[in-house]
Amino acid sequence: MSLAAVDTKRKLPDLDRVPRVDEVGVNERVARFQSRSIKKESKLQALRMVLSMIDLTTLEGQDTPGKVHQLCQKAMHLHDAVPGLPHVAAVCVYPTMVGVARKALEGRGIHIASVATAFPSGQAPLNVKLEDTRMAVEQGADEIDMVISRGAFLAGDNAFVFDEIAAIKEACGDAHLKVILETGELGTLDRVRRASALAMHAGADFIKTSTGKIQPAATMQVTLVMLQAIRDYFHETGRMVGMKPAGGISSAKLAIHYLVMLRETLGNAWMSPEWFRFGASSLANDVLMQIVKQQTGVYQSADYFSKD
Amino acid sequence: MAAKAKQQDVRVPVAKTYKIYIDGKFPRTESGRYFTLEDGKGRVIANVCRGSRKDFRNATVAARKAQAGWAGANAYLRGQILYRIAEMLEGRREQFIAELKLQGATQHAARKEVDTSIDRLIYFAGWADKYQQVFSAVNPVASSHFNFSVLEPTGVVSIIAPDDSGLLGLVSNVAPTIVGGNTCVVLASESMPLSAVSFAEVLHASDVPAGVVNIITGLRSELTEHFASHMDVNAIVFCDGARKTAKTVQELASDNIKRVIARADIDWSRESSQHPYLIRDTQEVKTTWHPIGS
Amino acid sequence: MATPENKLAFDGGWEYSPAPESTDHIKVAKKYELFIGGDFVAPASGKYFDTINPATEARLSRVALANAADVDKAVKAARKAYKGPWSRMKPAERGKYIYRIARIIQERAREFATIESLDGGKPIREARDVDVPLAAAHFFYYAGWADKLEYAFPGRSVRPMGVAGQIIPWNFPLLMAAWKVAPALACGNTVVLKPAETTPLTAMKLAEVVADAGLPEGVVNIVTGAGDTGASIVSHPGVDKIAFTGSTDVGRIIQKALAGSKKKYTLELGGKAANIIFADAAIDEAVEGIVNGIFFNQGHVCCAGSRLFVQESVAEQVVRKLRDRMETLIVGDPLDKNTDIGAINSKAQLEKIESYLEIGQQEGGDMYQSSCAVPDKGYWCRPTIFTGVSQSNRVVQEEIFGPVLAIQTFRTFDEAVSKANNTPYGLSGGVWTDKGAKIFKMTQSVRAGVIWANTFNKFDPTSPFGGYKESGVGREGGLHGLDAYLALEA
């Protein structure tokens, strides 16, 4: 199926009008966020919020139905010793595992996100990517995490990247679309800003930093730039777009820095799992340990928290 | 029944093993060889590692790996680290004095050498964030360009420390080399090698990143040619005067246009032997042009 | 399509709980004497004055009021030390004493930061992350120059000036003390320092550091007091050099008072810096630069970017983002680690700022303030911007010394430069553009002593600071900062 046949009511934005980004300035702003001191009640609130925003993830070549089943168990029973904890926002798996997750999580209010479009490289023809997407949706995915064609973007073929995103968005149907920019391959913050604008105008419901399969994955710097892009897009169009940093966020402390950054960049409207997610696997247990520490006053050991 | 013998209240001291210092660790020489250091009466003081060319090669790999990070550390930080080395050496003053005496110095000379070494480190610590101001330039070119010249470290420097100085000669050459952002591999004095190894311990306690300074003990006759010929070393500082050896060093260095810095016959105890040109010797000059316009 | 409804919401929701810095480890005495000749001595008049916490209006301590007799004593002690041990000491040894001061400040960093915040009202985060580290770094930098002065002045030999009288302001009390004392000592002078009357405490703690560092008595003398004490220092015949940081009005008085005397002087005075944003700037970082430029330290900064010039095509965008950013600035208890804007230093200063807010509105400017809460007791001013003002307005011309920004638009490069220079001041300026050539042309054209390109309010001990025109004469910091404390001879 050629891209020309795709019905795009959306318009390719003029990327030259996207503001430039100064790396040193971004680093300084990030340092300011990191010097915020989040304590006591605000810390407990933040930790619970982080938990509710986690997309519990397994994306390994060696994933099996058994593994995914155990992940879903963890999603439903984060730490039963502490009652009243929020559940995670979603589990994130490969399309072939969506069915397993659906069965395990039926009726629990936890979404199922599936990667698609030849994740993580994105090096496949469009028809393969569309089929990948449709299959995941048919199997029961609520959310699709796609990857952009980095090669085309770096080569300057913005129209190609745009059209591809728009086509995948169509194929998603009712499922919402997260667009992974793979910021670690884009090289500069300027490109991250431009790719963000491109993805949102093409129909992204969420923009996401990384596949988590290469280094660097998510950083506060690229996340800030993407949040700024979301803010400009919201002002221009009135449409809210969500944001998901993925990979490399394994400590509760760092996750709270991200929440500070979110709050001071986009404000209250974005402070919920509907608009912000953490793509993580080991983050949950560190958050749980911090919650128990906040409640008991005693530093915890990893031995007391299940690893599924 | 024999009476139990009365135990002597004598404590057996623990002798120190002298190793070499590469990449922030203290290995023995990979060759397993040693040479002995004897005191004036022919008694063995220590077994010293007889370093090999492979040790030297490993050290240059470590030095190269560490160089970009060290040069990237800001000047204030480098100055703080050199000051810390001075603090650590001051704390071990007695140890170093004793060690120099063991290697033949008088009490007076040893004390003076250690104190001068400490003050020399402080001297160069103070240059860290200043030499750039003294030696850089903004050049008033005739075209509409902002043109500026700054110093940049040359990279990895091999240093053949003076043989006739156990500590001060080594410190006087290492400090200006590293304060300018270079990393180095040092061949310690052959006749007085112990202080160099103990100095490595001081470096290790001073937040000096691994690989910035590497210290090898061994024979000049075996190692000089490698210090001079290694293709991944950018400069060699050569402190021994023998003209024939100096000529050989120069010849071997020419293969990669290694910068050759000869510092022979210098009395390192004099105040006049410390100055910022020792820093400049291992720096390159980089000039940048940028248009001025709207 | 942008509509007024596409606004971001910053109030309510997840708020930060109080995160106060602890004060149980700091030591503030009930009373401080004068530090003269290596000892803490009572003032001749027996008089003391209060120093209060501007966030709570509670008294922190009482400090001695130095009169002419005390100043005379201090100058004599400084002269004795200068002629005695200090000038006879080898420069390298002098340097070591200054290194000791740097090290002790580092060791007591948290205590210094906390007391600075209590006494002056600045946020603990700034005192901790900016003021105190820079102060230590300043001592560290100049300590290293003590034995290297022959390299700083080609073709000249140098000698110290003698006794330096130094008068510093209340906006960066410890840092300004470091900027004065460190180079003076490194160059072989001895000093008589007078901290500002509303912020004497960190200077007294510095006196303790000087004593603990073992400096010979009389090398550093610290006398507390107000305008009269300062005047006594300026007029004392035993002082060779006057260094003053403060308002241009007082600077004028000092320069006039020194006319006809042999005293050398350097003055670091007021400013009304232009911060210029071009359409091709990195806009979000530029907005952050505006915030750092005028709201850092409550705007109590001589080099504050208090006049914003934004290129018309991006003006709406910049002002909108600025307003959003202002909503996230937290005004409150300086000791709370999350506070961005602390207390105004004194009642007098607050009244001055408020009078300008009144003037600005009367002049026809549109005033906008963020909506944050402020505590009941204490002296507070919310971050404020004025739009619809121009070069002929008083709020654009006069130094307000508070968190108040005057915003104008411009169309061309030349217009921006012309307006930036259209002021008797010339301390600093800022330019935001992605184009390097424009930066260098700006730096060539703006008549100010410090130009910040794509950044603002950045300080470093190696970087010279000082003004053109009525912003003062002389430089502090860097190699050029040595000039202030040396006599050059052929």
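Values in this document were obtained by computation on a predicted structure and should not be read as measured data.

Calculation rules
- Residues numbered from 1 in each chain as written.
- Chains lettered and ligands numbered in written order.
- Predicted model: local features only at pLDDT ≥ 70, side-chain atom pairs only at ≥ 80, totals over all residues.
- Helix = DSSP H or I, 4+ residues; strand = E, 2+ residues; numbered from the N terminus.
- Buried ≥ 20, exposed ≤ 12 C-beta atoms within 10 Å, placed from the backbone.
- Contact = placed C-beta atoms within 7 Å.
- Rg over C-alpha atoms; globule rule 2.2 N^0.38 Å.
- Nonpolar A, V, L, I, M, F, W, Y, C, P; charged D, E, K, R; others polar.
- Expected span 1.5 Å × (residues − 1).
- Arc of directions from axis to C-beta.
- Domains from an automatic or database assignment.
- Axes fitted to C-alpha atoms, helices over the stretch in contact; angles between N-to-C directions.
- Parallel < 35°, antiparallel > 145°, perpendicular 65-115°, else oblique.
- Left-handed = near helix turned anticlockwise from the far one by under 90°.
- Pairing = 2+ DSSP bridges.
- Right-handed = clockwise from strand over helix to strand, strands pointing away.
- Core = buried A, V, L, I, M, F, W, Y, C linked by C-beta atoms within 7 Å.

1. Quick notes on the overall build of chain B
Part 1 of the argument: Counting its regular elements, chain B contains 10 helices and 10 strands.
Part 2 of the argument: The principal-axis extent of the C-alpha atoms belonging to chain B is close to 105 × 35 × 30 Å.
Part 3 of the argument: Relative to its 294 residues, chain B shows a buried fraction of 46%.
Part 4 of the argument: By sequence separation, contacts in chain B at least 24 residues apart represent 77% of the contacts at least 6 residues apart.

2. Here's the deal with the overall build of chain C
Part 1 of the argument: Assigned secondary structure in chain C consists of 14 helices and 20 strands.
Part 2 of the argument: Since a compact globule built from 490 residues should have a radius of gyration of about 23 Å, the 23 Å found for chain C is in line with a globular shape.
Part 3 of the argument: By its C-alpha atoms, chain C is 75 × 50 × 35 Å across when sized along the principal axes.
Part 4 of the argument: Of all 490 residues assigned to chain C, the portion counted as buried reaches 58%.
Part 5 of the argument: Long-range contacts, defined as pairs at least 24 residues apart, comprise 73% of the intrachain contacts of chain C with a sequence gap of at least 6.

3. With respect to unusual backbone geometry
Part 1 of the argument: Cis geometry marks the peptide bond from F119 of chain A to P120 of chain A; its omega dihedral reads 0 degrees.
Part 2 of the argument: Looking along the chain, the bond that leaves Q215 of chain A and enters P216 of chain A is cis, with omega of -5 degrees.
Part 3 of the argument: Relative to the helices and strands, P216 of chain A resides in the loop between β6 (206–208) and α10 (220–237).
Part 4 of the argument: A positive phi angle is found at E182 of chain A, which is not glycine, with a value near 55 degrees.
Part 5 of the argument: The phi angle at E57 of chain C is positive, at roughly 65 degrees, despite the residue not being glycine.
Part 6 of the argument: Here E57 of chain C lies in the loop between β4 (48–53) and β5 (58–64).

4. Describing the interface of chain C and chain A
Part 1 of the argument: Tallying the contact residues gives 29 residues for chain C and 31 residues for chain A.
Part 2 of the argument: The leading source of residues in the side of chain C that touches chain A is helix α9 (residues 283–294) of chain C, at five residues.
Part 3 of the argument: Here the residues of the side of chain C that touches chain A sort into 10 nonpolar, 10 polar and nine charged.

5. Concerning helix α1 (residues 23–34) of chain A
Part 1 of the argument: When the terminal C-alpha atoms of α1 of chain A are compared, their 16 Å separation across 12 residues agrees well with the 16 Å that a helix rising 1.5 Å per residue should span.
Part 2 of the argument: Every buried residue of α1 of chain A is listed here: G25, V26 and R29 of chain A. Here the buried residues of α1 of chain A occupy an arc of 100 degrees about the axis, which is enough to place them on one side. Every exposed residue of α1 of chain A that faces more than 90 degrees away from the buried side is listed here: V24 and A31 of chain A.
Part 3 of the argument: Lining the buried residues of α1 of chain A we find α9 (189–201) and α10 of chain A together with α9 of chain C.

6. Examining the domain arrangement of chain C
Buried accessible area, meaning the area lost when the parts come together, often serves as the stated size of an interface.
Residues and elements named next belong to chain C.
Part 1 of the argument: Domain parsing of chain C yields domain 1 (31–269 + 469–489) and domain 2 (274–453).
Part 2 of the argument: Of note, the centres of domain 1 and domain 2, computed from C-alpha atoms alone, are 30 Å apart.
Part 3 of the argument: On the side of domain 2, 25 residues touch domain 1, which itself brings 20 residues to the contact.
Part 4 of the argument: When contributions to the side of domain 1 that touches domain 2 are tallied by element, the ones reaching two or more residues are α3 (109–120) and α4 (124–145).
Part 5 of the argument: Here the side of domain 1 that touches domain 2 is built from residues that sort into six nonpolar, seven polar and seven charged.

7. So, the interface of chain C and chain B
Part 1 of the argument: Taken together, the contact pairs 23 residues of chain C with 20 residues of chain B.
Part 2 of the argument: Of all elements in the fold, only α2 (91–107), α4 and α14 (436–445) of chain C reach the threshold of two or more residues within the side of chain C that touches chain B.
Part 3 of the argument: Residue composition of the side of chain C that touches chain B, grouped by class: 12 nonpolar, six polar and five charged.

8. Quick look at the packing of α2 of chain C against helix α5 (residues 173–186) of chain C
In a packed pair of helices, the relevant descriptors are the angle between the two axes and the axis-to-axis distance.
Residues and elements named next belong to chain C.
Part 1 of the argument: Relative orientation of the contacting elements α2 and α5 amounts to 160 degrees, with a least axis distance of 9 Å. The orientation of α2 relative to α5 falls into the category roughly antiparallel. With respect to the hand of their crossing, α2 and α5 are arranged in right-handed fashion. Listed contacts from α5 to R94, G95 and I98 of α2 are A182, L185 and A186.
Part 2 of the argument: The class makeup of the residues in the contact of α2 with α5 is four nonpolar, one polar and one charged.

9. Brief notes about the environment of Q408 of chain C
All names here are of chain C.
Part 1 of the argument: Note on placement: Q408 falls in strand β16 (residues 404–410).
Part 2 of the argument: Between the C-alpha atoms of Q408 and K83, which are 325 residues apart in sequence, the distance is 55 Å.
Part 3 of the argument: Residue contacts for Q408: discarding those within four places in its chain leaves F309, V389 and S390.

10. Some details on the arrangement of the chains
Part 1 of the argument: Of all two pairs of chains sharing an interface, the pair with the highest contact count is chains A and C.
Part 2 of the argument: Taking C-alpha atoms only, the smallest gap left between chain A and chain B, which are not in contact, amounts to 15 Å.

11. Looking at the sheet that holds strand β4 (residues 145–153) of chain B
Part 1 of the argument: An order of β3-β4-β10 (chain B) is seen for the three strands of this open sheet, with the pairing classed as antiparallel. One side of each edge strand has no neighbouring strand; the edge strands of this open sheet are β3 (137–138) and β10 (283–291) of chain B.

12. Points about the sheet that holds strand β13 (residues 307–311) of chain C
Residues and elements named next belong to chain C.
Part 1 of the argument: Taking strand neighbours across the sheet as the criterion, the seven strands line up as β14-β15-β16-β13-β12-β17-β18 in an open arrangement whose pairing is mixed. Strands at the two margins of the open sheet, each flanked by one partner only, are β14 (366–369) and β18 (450–453). For this sheet the average axis-to-axis angle between neighbouring strands, irrespective of direction, equals 20 degrees.
Part 2 of the argument: Of the pairings in the sheet, the one linking β13 to β16 comprises five bridges and is parallel in character.

13. A few points about the pairing of strand β4 (residues 143–147) of chain A
Residues and elements named next belong to chain A.
Part 1 of the argument: Counted residue by residue, β4 has five buried out of five residues, so it is predominantly covered.
Part 2 of the argument: Relative to β4, strand β3 (residues 111–115) runs parallel, the two being bridged by three bridges. When the bridges of β4 are listed, S114 appears paired with I144.
Part 3 of the argument: The β-α-β motif built from β3, the intervening helix α5 (residues 126–139) and the parallel element β4 has right-handed crossover chirality.
Part 4 of the argument: For β4 and strand β5 (residues 176–180), the ladder comprises five bridges, and the chain directions are parallel. Across the sheet, the residue bridging to I144 is L177, located in β5.

14. Considering the packing of α4 of chain C against α5 of chain C
Residue and element names in this part refer to chain C.
Part 1 of the argument: The geometry of α4 relative to α5 is characterised by a closest axis approach of 8 Å and an angle of 5 degrees between their N-to-C directions. Looking at the two axes, α4 sits roughly parallel to α5. Packed against α4, whose contacting residues are D131, V132, L134, A135, H138, F139, Y142, A143 and W145, the element α5 presents L174, L175, A178, W179, A182, P183 and A186 at the interface.
Part 2 of the argument: Looking at the contact of α4 with α5 residue by residue, the class counts come to 14 nonpolar, one polar and one charged.

15. Quick look at the environment of I101 of chain C
Residues and elements named next belong to chain C.
Part 1 of the argument: The topology assignment puts I101 in helix α2.
Part 2 of the argument: Along the chain, I101 and A213 lie 112 residues apart, while their C-alpha atoms are 6.1 Å from each other.
Part 3 of the argument: Those residues in contact with I101 that lie beyond four places of it in its chain are F139, V209, V210 and A213.

16. A few points about the nonpolar core
Part 1 of the argument: With 172 residues, the main nonpolar core has L82, I85, L121, V186 and I215 of chain B together with I98 and F139 of chain C as its most contacted residues.
Part 2 of the argument: Broken down by element, this core gets its largest block of residues, 12 residues, from α4 of chain C.
Part 3 of the argument: Counting 169 residues, the second largest nonpolar core, distinct from the first, contains A89, A246 and A280 of chain A together with F456 of chain C.

17. Overview of helix α7 (residues 158–172) of chain A
All names here are of chain A.
Part 1 of the argument: Along its 15 residues, α7 runs 21 Å from first to last C-alpha, staying within 8% of the 21 Å computed at 1.5 Å per residue.
Part 2 of the argument: With 11 of 15 residues buried, α7 is to be regarded as a mostly interior element.
Part 3 of the argument: Taken residue by residue, α7 has V161, F162, D163, E164, I165, A166, A167, I168, K169, A171 and C172 as its buried positions.
Part 4 of the argument: Against α5, β4, α6 (150–154), β5 and α9 lie the buried residues of α7.
Part 5 of the argument: A positive phi of about 65 degrees marks G173, the residue just after α7.

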